[in-house]
Amino acid sequence: MSDKQQIKRNIEKALANENLRGALGRFGNDYVGARERAYTGKDFQELRDRIAAVKGDAAARMEELARRFTESAQARGAKVFRAGTAQDAKDYIKNLAQEKGATKIVKSKSMATEEIHLNEYLGRQGLDSVETDLGEWILQLCGQKPSHMVMPAIHMTRDEVADIFSKETTQELSADIPKLVGVARKQLRKKFLAADIGISGANIAVAETGTLVIVTNEGNARLTTTLPPVHVAVVGLEKLVDVFTGVKSIIEALPRSATGQKITSYITMITGPTPAAYPDGTVQEKELHIILLDNGRTEMQADPVFKEALQCIRCASCLNVCPVFQLLGGHVYGHIYTGGIGTILTAFFNGFQEAGELQNLCLGCERCKRFCPGKIDIPKLIRELRSRVVEKGGLPGGQKFVLEKVLPNRKLFHRLIKAGQLGQKPFQKGARIRHLPMFLAGLTEGRSLPVIADKAFRDQARNLSVPEGSSKESTPDSKEKVGFFAGCLTDFVYPQLGQAAYKVLKHLNREMVFPAGQTCCGVPAVLMGVRESAVQLAQQNIEAFEQAGVDAVVTCCPSCAQALKERYMELLETDPAWHERAKALAGKVQHVTAYVADKSGDGSSLRLKQTGGRVTYHDSCHMKGCLGITEEPRQLLAAAGLELAEMEGSDLCCGFGGSYSVKFPSISRQILDKKLHSMEAANAATVALDCPGCKLQISGGLDSRGKELPVKHTVEILAENL
């Protein structure tokens, strides 16, 4: 079975698991609020700046800090071993156990030891290694792997745990959590007292003092590191920080971002071995062995792009807010590290080939970037990973033809779209397509599709005139020439958005022009890892707007706006001349809603008709998360006299993601279901939004469910109320 087939099989299995969805859904619903409360009084942006500085500096000086840590820890009596590979680390522990005559081992939670599959290896050596973290012990008993970096058994229900414990203790146990914890405590206490070696990880390793910092919510790590006569800590090189003061910012963020707690129950700091008292009354010197694990980390550190991933503090907040993880859990990824950051870590710890298919699971909503306390641009790293995978392995034939031959050829691309407009006729019913045949059937499962418009906006734009009834009052900025970037959906599917933008801009006495040389923004090529095509599209669009000589550029699509404002500079950063041109364009680009809000005093100068009614607003991922626009559309809707009824999770993804909804229709559909449920619960008469892609997804989902709830772009509502 290929990796692609295995992932699809895992997806279907996860989607069919109601317990999994229920457990992850409950946590996902509660996490954001708990995190916000935990960060009350903290400046998250300032804190993440500090963490990024501490971790970024440590990553840049990894070898130096490893050497200093070794010297500091050894000076305090610890033994430090540099493990280049997973096998080196495992062999060290095996040899140590043999040297000590040890047979019983207790472990506290450690992703580094999960990464090297230590338990399985020790088991093959005849050693009894027992996990003592409650979640890890549950998984060990039932033969599963962690599905989450911080909460390894988050995917399981209390009933499932009760069944596992009942089997282990050969007695019928109820799903009473305190009683189940009591059972675990009683069973594991015997293991602690009998253990010869305790193995832990560490959250931070301080080069200045040789100190290990361990952050936990259970007391098992302290028992693991103190009771057995030998303590082995397996620590990834990315856990190093320079000086002790660097610990503070990480400790501030780790529990808040991981579980929404201000502080965890235990923060243990170990600086060298200390004598320990034993049940027989003796006091013995302990041995402390620290394994500094490389296993791909120095390769990551040497990579100019991916070294940023070493700023991760393993809080897993990126998983907690990921719509795909909330639906599927971590086992779908097939490796220890899950989600977006997990895919990147897998690429370096297990090989790029292993991550080749995993990167496709990223929806591209970019929500993780807002929550990462390490300030890691995970979406950017995923895009880079895709590009490298495609550069090495290429694309399937159909995708290769479309992305490399059709998309960069504007005239061919547009001719094919017009051909599609004719080809859709047999399946078209009114303005929608509700069923498609054969291999296209998945496109209309759970949603209908809008038809390709009879006349594209680029053809309508040639004949735009001053709309009747619009104001001709001049303003101080009446001479501004505004270029309109349509994007594919506005151009060919929703040309009425372009008409609405024209009407509103005309009302503001702006001259709106449509440079005919513009084409696709390139986002599909970026998301599919086809960098060369994306560069060509960026250059075509830059030239088109330069030739138009515009003062500003607006678009109805936040993804297009982000491409023009940020992606083009990223794509062209190695070409100084083109980078400057991309920068000049970026400085002019605004989403049309933000532009109108800015130029109209949040709608006050538009003098909109007060039609009244309840409207609920969907924050598109790229609108809020990438462009930071969230209040402007609400202000404009209020200016039209509309009552805003906020839906729960207004900024949660609708599941569109461009080609993602085609590649993974079952995931897209279930994310959409959750969004539609929130919208209906808001009991509004209209859904407002600012993304043509979200409009396609949400209106199609409502239509397929027989719901007659209008879905309108903000600029459409404004144009209707002029």
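To start, this report covers the structure provided alongside it. (Residues numbered from 1 in each chain as written. Predicted model: local features only at pLDDT ≥ 70, side-chain atom pairs only at ≥ 80, totals over all residues. Heavy atoms only, no water.)

Examining a positive patch on the surface
Part 1: A cluster of basic side chains, namely Lys-104, Lys-186, Lys-190 and Lys-191, defines a positive patch on the protein surface.
Part 2: Top contributing element to the positive patch by residue count: helix α10 (residues 177–194), with 3 residues.
Part 3: Position of Lys-186 among the secondary structure elements: in helix α10. (Patch = residues over 30% accessible without salt bridge, like charges linked within 9 Å, V, L, I, M, F, W, Y side chains within 5 Å. Areas by Shrake-Rupley, 256 points an atom, 1.4 Å probe, with all protein chains shown as cover. Salt bridge = Lys/Arg side-chain N within 4 Å of Asp/Glu carboxyl O. Lys, Arg positive; Asp, Glu negative; His and termini not counted. Charge placed at Lys NZ, Arg CZ, Asp CG, Glu CD. Helix = DSSP H or I, 4+ residues; strand = E, 2+ residues; numbered from the N terminus.)

Some words on the nonpolar core
Part 1: Counting residues in each nonpolar core, the largest one holds 100 residues, and the members touching the most others are Phe-484, Leu-564, Tyr-568, Val-596 and Ile-698.
Part 2: In terms of residue count, the dominant contributor to this core is helix α26 (residues 531–548) (8 residues).
Part 3: Ignoring any residue separated from it by four or fewer positions in sequence, one finds Leu-564 in contact with Phe-485, Cys-521, Val-553, Ala-582, Leu-585, Ala-586 and Val-589.
Part 4: By size, the runner-up hydrophobic cluster in this structure holds 78 residues, among which are Ala-66, Ala-73, Tyr-337 and Leu-381. (Core = buried A, V, L, I, M, F, W, Y, C linked by side-chain atoms within 4.5 Å. Buried < 20%, exposed > 50% of the residue type's maximum accessible area, 1.4 Å probe, protein only. Contact = heavy atoms within 4.5 Å.)

Description of helix α19 (residues 378–393)
Part 1: For α19, which comprises 16 residues, the first-to-last C-alpha distance of 22 Å matches the rise-based estimate of 22 Å (1.5 Å per residue) to within 8%.
Part 2: Looking at α19, one finds that the buried residues are Ile-378, Pro-379, Leu-381, Ile-382, Arg-383, Glu-384, Leu-385, Arg-386, Ser-387 and Val-390.
Part 3: Positive backbone phi, approximately 75 degrees, marks Gly-394, located one or two places after α19. (Expected span 1.5 Å × (residues − 1).)

Thoughts on the packing of helix α1 (residues 3–15) against helix α33 (residues 665–681)
Part 1: The interhelical angle for the contact between α1 and α33, taken along N-to-C directions, is 30 degrees, at an axis separation of 10 Å. In this view, α1 runs roughly parallel relative to α33, as classed from their interaxial angle. In this structure, α1 meets α33 at a crossing whose hand is left-handed. Where α1 approaches α33, its residues Ile-11, Glu-12 and Leu-15 are matched on the opposing element by Ser-666, Ile-667 and Gln-670. (Axes fitted to C-alpha atoms, helices over the stretch in contact; angles between N-to-C directions. Parallel < 35°, antiparallel > 145°, perpendicular 65-115°, else oblique. Left-handed = near helix turned anticlockwise from the far one by under 90°.)

Thoughts on the pairing of strand β6 (residues 211–216)
Part 1: Among the 6 residues of β6, 6 are classified as buried, and the element is accordingly described as predominantly covered.
Part 2: With burial as the criterion, each face of β6 is covered, one bearing Thr-211, Val-213 and Val-215 and the other bearing Leu-212, Ile-214 and Thr-216.
Part 3: Sheet analysis places strand β5 (residues 204–206) next to β6, joined by 3 bridges and oriented antiparallel. Bridge assignment links Ala-205 to a residue of β6, and that residue is Leu-212.
Part 4: Between β5 and β6, which pair antiparallel one after the other, the connecting turn spans 4 residues, and Gly-210 there sits at a positive phi close to 75 degrees. (Pairing = 2+ DSSP bridges.)

Remarks on unusual backbone geometry
Comment: phi is negative for the bulk of residues other than glycine, and the bulk of peptide bonds are trans.
Part 1: In this model, Arg-314 sits at a positive phi of 60 degrees, which is unusual for a non-glycine residue.
Part 2: Along the chain, Arg-314 turns up in the loop between α13 (297–302) and α14 (317–320).

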